[in-house]
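Descriptive analysis of the structure
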Amino acid sequence: MMKSISYHLLYAVIYMLSLLPFWILYGLADCFFLLVYYVVRYRRKVVRKNLTTSFPEMDAKAIKRIERRFYRWLCDYAVESVKLLSISDKNLLKHIEFRGVEEIEKVFDEGRNCAAVLGHYCNWEWLSATSLSFRTRTRTENGEAKDVTPLTGVIYHPLYNDAFDRLFIDIRSAHRGLCVPKQDILRHLAVLRREQRHYFFGYVSDQAPRWHNIHLWLDFLNHDTPVFTGGERIMKKMDDAVFYADVERPKRGKYICTFKLITAHAAQEPENEITRRLFQLLEGTIRRQPDFYLWTHNRWKRTHEEFDRHYVMVNGKAILKEDFQE
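Just so you know, these numbers come straight off a predicted model, no measurement behind them.

1. Comments concerning a negative patch on the surface
Taken together, the side chains of D219, D224, E305 and D308 make up a negatively charged region of the molecular surface. In this structure, E305 sits in helix α11 (residues 304-310). For E305, a relative accessible area of 53% puts it in the exposed group.

2. Side note on the pattern of salt bridges
Inspection of every chain in the model, using the stated rule, returns 16 salt bridges. Ionic pairing is found between R249 and E80, a salt bridge with its closest N-O pair at 2.8 Å. Taken together, the residues R249 in strand β10 (residues 241-251) and E80 in helix α4 (residues 60-83) connect sequence positions 169 residues apart. For the pair shown, R249 and E80 are each scored as buried. The salt bridge involving K254 is made with E97; its shortest N-O contact spans 3.9 Å. You can see K254 sitting in strand β11 (residues 254-263) and its partner E97 sitting in strand β1 (residues 96-99), a full 157 residues away along the chain. Where salt bridges share partners, they join D30, D76, E80, R249 and R252 into one cluster.

3. Topic: the nonpolar core
Counting 88 residues, the largest nonpolar core has L189, F200, F201, Y203, F259, I286 and W295 as the members making the most contacts within it. The element that contributes the greatest number of residues to this core is α4, accounting for 10 residues. Discounting residues that sit within four places of it in the chain, F200 has contacts with I104, F108, C114, A115, A116, T130, F134, L151, T152, G153, F243 and F259. Listed in part, the six residues of the second largest apolar core include I214, W217, F307 and A318.

4. Digging into helix α8 (residues 185-194)
Of the residues making up α8, those classed as buried are I185, L189 and L192. The buried side chains of α8 occupy one side of the element, clustering within an arc of 60 degrees when seen end-on. For α8, the exposed residues lying more than 90 degrees away from the buried face are R187 and R194. Contact partners of the buried residues in α8: β5 (151-156), β6 (177-181), β7 (199-204) and α9 (230-238).

5. Focus on the environment of I66
Topologically, I66 is positioned in helix α4. Judged by its relative accessible area of 7%, I66 is buried. Note: C-alpha distance between I66 and V82 (16 residues apart in sequence) is 24 Å.

6. Remarks on the packing of α8 against α9
Between α8 and α9, the shortest axis-to-axis distance is 11 Å and the interhelical angle comes to 20 degrees. Relative to α9, the element α8 is oriented roughly parallel. Judged by the twist between their axes, the crossing of α8 over α9 is right-handed. Taken together, the residues of α9 that come into contact with α8 (itself represented by I185, L186, L189, A190 and R193) are I234, K237 and M238. Class assignment of the residues belonging to the contact of α8 with α9 gives a composition of six nonpolar, no polar and two charged.

Calculation rules
- Residues numbered from 1 in each chain as written.
- Predicted model: local features only at pLDDT ≥ 70, side-chain atom pairs only at ≥ 80, totals over all residues.
- Heavy atoms only, no water.
- Patch = residues over 30% accessible without salt bridge, like charges linked within 9 Å, V, L, I, M, F, W, Y side chains within 5 Å.
- Areas by Shrake-Rupley, 256 points an atom, 1.4 Å probe, with all protein chains shown as cover.
- Salt bridge = Lys/Arg side-chain N within 4 Å of Asp/Glu carboxyl O.
- Lys, Arg positive; Asp, Glu negative; His and termini not counted.
- Charge placed at Lys NZ, Arg CZ, Asp CG, Glu CD.
- Helix = DSSP H or I, 4+ residues; strand = E, 2+ residues; numbered from the N terminus.
- Buried < 20%, exposed > 50% of the residue type's maximum accessible area, 1.4 Å probe, protein only.
- Core = buried A, V, L, I, M, F, W, Y, C linked by side-chain atoms within 4.5 Å.
- Contact = heavy atoms within 4.5 Å.
- Arc of directions from axis to C-beta.
- Axes fitted to C-alpha atoms, helices over the stretch in contact; angles between N-to-C directions.
- Parallel < 35°, antiparallel > 145°, perpendicular 65-115°, else oblique.
- Left-handed = near helix turned anticlockwise from the far one by under 90°.
- Nonpolar A, V, L, I, M, F, W, Y, C, P; charged D, E, K, R; others polar.

Quick look at the structure:
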């Protein structure tokens, strides 16, 4: 009962806030920046360390300039995400442009499905509006014409706070996007394929995996980085066409997302190749304009040396050495 009350109160407050025009929301974001950066100093040490170790070629002045720009964008991200609750489809498409959609539609024309891989860069929440850019598809089932709009969605990790978890689902599904918990996605996709429903799901794949979920280490932003490979395994199992979502922010309140084909047939790619390609492309995007990456996340807290001390890889799985028996 209390959880339901908390959710409805939170939703009411956030929804009322979302009704404000962008110029007021961005004014609030400017105020939030002063509070978050100079007063609260939210994760300043983590951000400074991440930037310094990712760009050792930069001097302290350049690092601090990126740091301030990042915090300004982070506050913009917060109010922009809130705005998703009430903004109309037509108005939203004035603020985000999707390019390369015709390549995705070609895959749908072939009767196949797609996946997008991306990182925590620019406003990844706004990418839930991708469905607004697809034209309605027409196909024949049992000799009868039927209009089909491809399903789009995101795979997410449920939040520990129920009220915030429900709120973020509302935000991400406000423009016809589906939110599927990561533990349910394979079953969900199998059902869609049986029903012959076209789908386009996004995988945000740059989180820090837990120790037992580490299957691959990659060189990423000057770090030996543990990465998730579960998304790639699902794409290969479904034999999706895989696109990289390359996002730019040319000015405040404007995003451009360009979908770039990584592979037309995930099942034909060598193991881990899609994941490797994602992180290569993501690093290029970040180096182009580092202000818009989520630097507050302590993604390099786990080291390869510590992993090797405590774990051993057996049949592609990380197992504690103390639990492993020859």
